[in-house]
Every structure is written in C-alpha cells, then in structure tokens.
Amino acid sequence: MKIKKNDNVIVLAGKDKGKTGKVLRALPKEGRVIVEGINIAKKRQKSRRQGVSGEVISKTMPIDVSNVAIIDPKTKKATRVGYKVDGGKKVRVAKASGQTL
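Rules of the game
- Residues numbered from 1 in each chain as written.
- Predicted model: local features only at pLDDT ≥ 70, side-chain atom pairs only at ≥ 80, totals over all residues.
- Heavy atoms only, no water.
- Helix = DSSP H or I, 4+ residues; strand = E, 2+ residues; numbered from the N terminus.
- Buried < 20%, exposed > 50% of the residue type's maximum accessible area, 1.4 Å probe, protein only.
- Contact = heavy atoms within 4.5 Å.
- Areas by Shrake-Rupley, 256 points an atom, 1.4 Å probe, with all protein chains shown as cover.
- Lys, Arg positive; Asp, Glu negative; His and termini not counted.
- Charge placed at Lys NZ, Arg CZ, Asp CG, Glu CD.

**Student:** Now, about the overall build of the protein chain: what can you tell me, with residues and values included?
**Tutor:** When helices and strands are counted, the protein chain shows zero helices and 10 strands. For the protein chain, the N- to C-terminal ordering of α and β elements is β-β-β-β-β-β-β-β-β-β. On the principal axes, the C-alpha backbone points of the protein chain span a range of 60 × 30 × 20 Å. Here the protein chain holds 101 residues, and the buried ones make up 25% of them. Relative to all contacts within the protein chain whose residues are 6 or more apart in sequence, the contacts with residues 24 or more apart total 39%. A total of about 7300 Å² of accessible surface is found on the protein chain, and carbon and sulfur atoms cover 48% of it. Between the averaged position of the 26 positive side-chain charges in the protein chain and that of its 8 negative side-chain charges there is a distance of 2 Å.

Written out as structure tokens, the structure reads:
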C-alpha cells in the first residue's frame with residue numbers, strides 16, 4: 001500500500017468525494033485507511049453507569065484505499081505514487097511532479 005500515516009489525501013469516490021484530509025491510520029491488511037473528517041458515521045453508545053443516559057457519537061470509519069489519492073505537494077492535485085532509489089534509500093515520489101513525498 002503506497003498511502004501511509006500523515007499523508008494528505010483527496011477522496012475520489014463516495015459520499016465525501018472532493019474532500020481532503022490527513023490519514024490518521026493505515027490498515028494495509030484490509031486495504032483501507034482512516035482519514036480525518038471523512039466517512040463519519042453516527043454510532044449509538046450504551047450507558048456506562050446506571051442513571052446516565054447513552055449518547056450518539058460521531059466516529060470516523062475506514063475508507064477503501066482505492067477511493068483516495070495522495071495530494072501532490074507542488075500542484076495540490078491528486079497524483080499517483082511511484083518509488084525511486086535516492087542515495088541507496090527507496091523514497092516515494094509523486095508521479096505528476098516528480099517531487100519526493
């Protein structure tokens with residue numbers, strides 16, 4: 001998976017199409033990512049103590065990695081990611097501008 005934690009991404013498909021956010025967590029085994037402020041679901045939370053009512057909380061849910069793309073740091077548009085060996089180290093590179101990520 002070429003998208004990692006703290007990457008800035010744009011949503012390509014779904015109800016939040018066009019929105020941008022930072023990746024909070026990458027889940028490579030499931031092929032999903034959790035993006036800040038994207039794919040928010042309302043979940044009912046049961047009361048923990050007697051006499052205190054339960055509540056509805058907003059929770060950020062995972063989104064499929066194929067529905068997001070990394071934002072190019074130079075052009076601020078969606079781009080694909082490639083790899084390049086730089087000084088004996090493998091680095092990620094934005095395909096559109098060639099800048100390292």
